[in-house]
Amino acid sequence: GSASWQAPGLDDGTAMQAFVISLLGIVTIFRYLKKIGYLPDAATFLLEVYAMLALVYVVAIGVQNGCRFVRPAYWLLFGAALIVIFCGALANHVDPGPVVSGLRYYLRSIPLFLLPAVYAFSETQVRRQLQFMAIIAVLQLPIAASQRLENFRARGSTGDTTQGTLLNSAILSIFLIGVASIVLGLAMRGVIKVRTALVLFVICVIPTTLNETKATLFLLPVTVMVTFLVGAKPGARLRTTVIAATS
């Protein structure tokens, strides 16, 4: 009863790590590569394939161990998201067809988020994943700058088409703000040097100004303050938060 079942092809750490790294690449750059002509249209459906594989794995292992790596707060967040989706469909009297299409679009990523609920990634694996995402984040700067210059020459001054590899200016800003907060948190915990963290932070912030996402003016300061509040040592959180808020 204690033996754990493993999905085909995901039976060791190397295979699972390759699965996650390739998944991160598919999510962040495949649609962009398709748009500029380097990939066929069918390549974007790889995300659905990965989501189905992850769902099978999560269900099979989760039934055995009860998703013991997930804290109850995360189940509340997932439940709240499902309630919002359900109430939105009811309030707007959406037909069954669009509802099914929307569920496919918004819920296909949930099995991917639940992988850490049933698989204990090592510290080295998590570090490699974060390094890969840092590379993706850094790539956004030259691509966003190129898109902004091209758009300025063709249409004027709007930054809406400055979308990086994520092909959506709002999602690009949220992604980069998230990366910036992780970078700051790692620096506060001594995982990376402060100088490196500051350089990465600036690199992440610049594209959010190029695309002129208005929410950045609210999300970035709040994210920085929350990161300092959570990452500060006990007894110094108030002082650290005040410094972050006034700097």
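Position numbers for residues start from 1 in each chain and track the written sequence from start to end. Owing to the predicted nature of the model, reporting of local features is limited to residues with pLDDT of at least 70; listing and counting of side-chain atom pairs is limited to 80 or more, with chain, interface and lining totals taken over all residues. Excluded from the side-chain calculations are hydrogens and water; all other atoms, namely the structure's heavy atoms, are used.

## Topic: unusual backbone geometry
Where we set the bar: Burial here depends on accessible area, computed with a 1.4 Å probe over protein chains only, as a share of the maximum for the residue type. Under 20% is buried, over 50% is exposed, and the range in between is partly exposed. To qualify as a helix, a DSSP run of H or I must reach at least 4 residues; to qualify as a strand, a run of E must reach at least 2; elements of each kind are numbered from the N terminus.
Unlike most non-glycine residues, L167 shows phi in positive territory, near 60°. In this structure L167 comes out as buried when scored by relative accessible area, which is 16%. The backbone of E212 sits at a positive phi, close to 55°, despite the residue not being glycine. In this structure, E212 sits in the loop between α9 (194–210) and α10 (216–231).

## Brief notes about the packing of aromatic side chains
Convention followed: The rule is short: rings of Phe, Tyr and Trp, with Trp giving its six-membered ring, pair when the centres are within 6.5 Å, and they are stacked under 30 degrees, edge-to-face over 60, tilted in between.
In the structure shown here, the tally under the stated rule is two aromatic pairs. Between F19 and Y50 the ring centres are 4.7 Å apart and the planes differ by 20°, which places this aromatic pair in the stacked class. Here Y50 lies in helix α2 (residues 46–65) and F19 lies in helix α1 (residues 13–35), a separation of 31 residues in the sequence. Judged by relative accessible area, which is 16%, Y50 ranks as buried.

## A closer look at the confidence of the model for the protein
What counts here: The pLDDT value expresses, per residue, how confident the predictor is, ranging between 0 and 100. Contact between two residues is taken to exist if any of their heavy atoms lie within 4.5 Å; hydrogens are not considered.
Across the protein, the average pLDDT comes to 83, with 87% of residues at or above 70. Of all the helices and strands in the protein, helix α11 (residues 237–246) carries the lowest mean pLDDT, 62, while α9 carries the highest, 94. Confidence over residues 1–11 falls short of pLDDT 50; this stretch has 14 contacts with residues more than four positions distant or in other chains.

## Some points on the pattern of salt bridges
It is possible for side chains of opposite charge to pair when their charged atoms get near one another. Heads up, the rule is: Salt bridge, as used here: a side-chain nitrogen of Lys or Arg that lies within 4 Å of a carboxyl oxygen of Asp or Glu.
Under the defined criterion, the tally for this structure stands at three salt bridges. E123 is the salt-bridge partner of R127, the closest N and O atoms lying 3.8 Å from each other. Here the residue R127 and the residue E123 both occupy positions in helix α7 (residues 123–154), the gap between them amounting to four residues, near one helical turn. The class of R127 is partly exposed, set by a relative accessible area of 35%. A salt bridge links R148 to E212; the nearest nitrogen and oxygen atoms lie 3.0 Å apart. On the criterion of sequence distance, the pair formed by R148 in helix α7 and E212 in the loop between α9 and α10 is long-range, its members being 64 residues apart. A residue is classified by how much of its surface remains accessible, and E212, at 35% relative accessible area, is partly exposed.

## A short note on the environment of G231
In this fold, G231 is placed in helix α10. The class for G231 is buried, based on a relative accessible area of 12%. Each C-alpha atom, one on G231 and one on L184, is 8.7 Å from the other, the two residues being 47 residues apart in sequence. Not counting chain neighbours up to four residues away, the residues in contact with G231 comprise M188 and R189.

## Some words on helix α8 (residues 169–188)
The condition that has to hold: Expected helix span is computed as 1.5 Å times (number of residues minus one). N or O atoms within 3.5 Å of each other form a polar contact, as long as, within protein, one can give a hydrogen and the other can take it, and as long as residues adjacent in sequence are counted only when both atoms are side-chain atoms.
Given a rise of 1.5 Å per residue, 20 residues ought to cover 28 Å, and the 29 Å separating the end C-alpha atoms of α8 matches this to within 8%. Among all positions of α8, only S169, L172, S173, F175, L176, I177, V179, A180, S181, V183, L184 and A187 are buried. Contact partners of the buried residues in α8: α7, α9 and α10. For α8, the side-chain oxygen to backbone nitrogen distance between the N-cap and A170 is 3.0 Å, and the N-cap itself is N168. Directly after α8, the chain includes G190, whose backbone phi takes a positive value near 80°.

## A few points about a nonpolar patch on the surface
Cut-off, in case you're wondering: Patch definition: residues with relative accessible area over 30% and no salt bridge; like charges joined within 9 Å; nonpolar side chains (Val, Leu, Ile, Met, Phe, Trp, Tyr) joined within 5 Å. The protein chains shown are the only cover counted for residues, whose accessible areas, like all others here, come from Shrake-Rupley with a 1.4 Å probe.
Together, L82, I85, L103, Y105 and Y106 make up an exposed nonpolar region whose accessible area comes to about 490 Å². Looking at the nonpolar patch, the elements that each hand over two or more residues are α3 (72–91) and α4 (96–107). Broken down by element, the nonpolar patch gets its largest block of residues, three residues, from α4. Of note, Y105 is situated in helix α4.

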